[in-house]
Amino acid sequence: MIINGRTKIIGILGYPVEHSLSPQMHNAAFKYLNLDYCYVPFPVKPEELKSAIDGIRSLNISGANITIPHKETVIPLLDEISEEVKFIGAVNTIKNEGGILKGYNTDGLGFIKSLVQKKIQISNKKVLILGAGGAARAIGFYLCKEAKAVYIYNRNLERAEQLSKHLYPFKQNVFAVKKDFLNDNVSSIDIIVNTTPLGLKPGDPLPMSVSLINNKQIVCDLIYKDTPFLQKALATGCKTINGLGMLLWQGALAFEIWTGLQPPLSIMKRALLKKKK
Ligand code: NAP
């Protein structure tokens, strides 16, 4: 990669950020399409976020991804937000248009695209979301538009209830459920999605008991790797999907926002798999 006076910079702002797979993925795409762009990680502490966002304007950085812990706190620092951000309340992508910073969220649609690519239909399906945080909101927004019914289970029931109320205008068949629901009704669910971070660390408990799962179900995890939850679900005969496809697609959608070009998906996927090893 040759940096010159016209090279456009895209950053990822998070803390910590060194584990991110996005620089590898986007730089491979820029290189493949011969685009004069460079993607750089920026570790930004929460107390530095405002000055970092001002820096995007003053340094004429073309765009950015936003990751944990800034996805929500960045919103008041931006000039405009997209329709999906108004609902989701979190930003993962920024575009700098002549000093005007607009925030987008490509996580939810990225998840849906990752299912579509695996030829998984959502319409007329019953979906159980485990967790009610930012990622659950992002995918819930899109799932609600297509699924037959959406059930949300969270260790903090109040948060699941808040999310179901929030989703109600888009789908009346959205319910916050208690543990009893998992025990008694989970066999009627078509797609189960873990959005909690359980499975990231060795020794984490499972987000729900796998003995409740049957082999007609599709089990997804937003974590990039095959978590113990997915491995155990696979062993029962289920189809399983990890979060790598979502990571790829949220990146592809962000790439399109920054460049206006079709993302080279196979190149981006190969870069992700290479980095993961
Ligand atoms: P978040 O806003 O912090 O929400 C986390 C959710 O998980 C909350 O509902 C929380 O419950 C629950 N939770 C956390 N620890 C738990 C535990 N020990 N036991 C039971 N429930 C627990 O996080 P997020 O932004 O939604 O991210 C969630 C996951 O999605 C992360 O693993 C992240 O890496 C992944 N993700 C992947 C992609 C991708 O591209 N593949 C994109 C975005 C996020 P409470 O409400 O009770 O605290």
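I will try to describe carefully the structure that is included in this document. Quick caveat: nothing in here was measured; it's all calculated off a predicted structure.

1. Comments concerning the overall build of the chain
The helix and strand inventory of the chain stands at 10 helices and 12 strands. Its C-alpha radius of gyration of 19 Å places the chain within 12% of the 19 Å reference for a compact globule of 277 residues. Across its three principal directions, the C-alpha atoms of the chain cover 60 × 35 × 35 Å. Across the 277 residues of the chain, 50% fall into the buried class. Sequence separation of 24 or more characterises 62% of the internal contacts of the chain that already satisfy a separation of 6 or more. With an accessible surface of roughly 13700 Å², the chain has 52% of that area assigned to carbon and sulfur atoms.

2. Quick look at helix α5 (residues 134–146)
Counting along an α-helix, one turn takes 3.6 residues, and residues three or four places apart therefore face a common direction. Approximately 30° is the largest bend angle found in α5, and it occurs at Gly 140. Residues of α5 that are buried include every one of Ala 136, Ala 138, Ile 139, Gly 140, Phe 141, Tyr 142, Leu 143 and Cys 144, and no others.

3. Thoughts on the sheet that holds strand β1 (residues 8–14)
Reading across the sheet, the six strands line up as β2-β1-β3-β5-β6-β4 and stay open at both edges, with mixed pairing between neighbours. Both outer strands of the open sheet, β2 (37–43) and β4 (80–81), are each paired with one neighbouring strand and no more. The pairing of β1 with strand β3 (residues 63–66) spans four bridges and is parallel. Bridge assignment links Ile 10 to a residue of β3, and that residue is Gly 63. Lying on the sheet, helix α1 (residues 22–32) is in contact with β1, β2 and β3; it crosses β2 at an angle near 170°.

4. Details of a nonpolar patch on the surface
Judged by side-chain polarity, Tyr 32, Leu 33 and Leu 261 come together as a nonpolar surface patch covering roughly 280 Å² of accessible area. If you trace the backbone, Tyr 32 turns up in helix α1.

5. Description of the sheet that holds strand β9 (residues 174–177)
Taken in spatial order, the six strands make up an open sheet running β9-β8-β7-β10-β11-β12, and their pairing is parallel. Edge positions in the sheet fall to β9 and β12 (239–241), since each of these pairs with one other strand and no more. Adjacent strand axes in the sheet meet at a mean angle of 20° when their direction is disregarded. Alignment of strand β8 (residues 149–153) against β9, held across four bridges, turns out to be parallel. Looking at β9, one finds that Val 150 is bridged to Val 174. Packed on one face of the sheet, α5 meets β7 (126–130), β8 and β10 (191–194) and runs near 170° to β7.

What counts, and where the lines are drawn
- Residues numbered from 1 in each chain as written.
- Predicted model: local features only at pLDDT ≥ 70, side-chain atom pairs only at ≥ 80, totals over all residues.
- Heavy atoms only, no water.
- Helix = DSSP H or I, 4+ residues; strand = E, 2+ residues; numbered from the N terminus.
- Rg over C-alpha atoms; globule rule 2.2 N^0.38 Å.
- Buried < 20%, exposed > 50% of the residue type's maximum accessible area, 1.4 Å probe, protein only.
- Contact = heavy atoms within 4.5 Å.
- Areas by Shrake-Rupley, 256 points an atom, 1.4 Å probe, with all protein chains shown as cover.
- Bend = angle between axes of the 7 residues up to and from the residue.
- Pairing = 2+ DSSP bridges.
- Axes fitted to C-alpha atoms, helices over the stretch in contact; angles between N-to-C directions.
- Patch = residues over 30% accessible without salt bridge, like charges linked within 9 Å, V, L, I, M, F, W, Y side chains within 5 Å.
- Salt bridge = Lys/Arg side-chain N within 4 Å of Asp/Glu carboxyl O.

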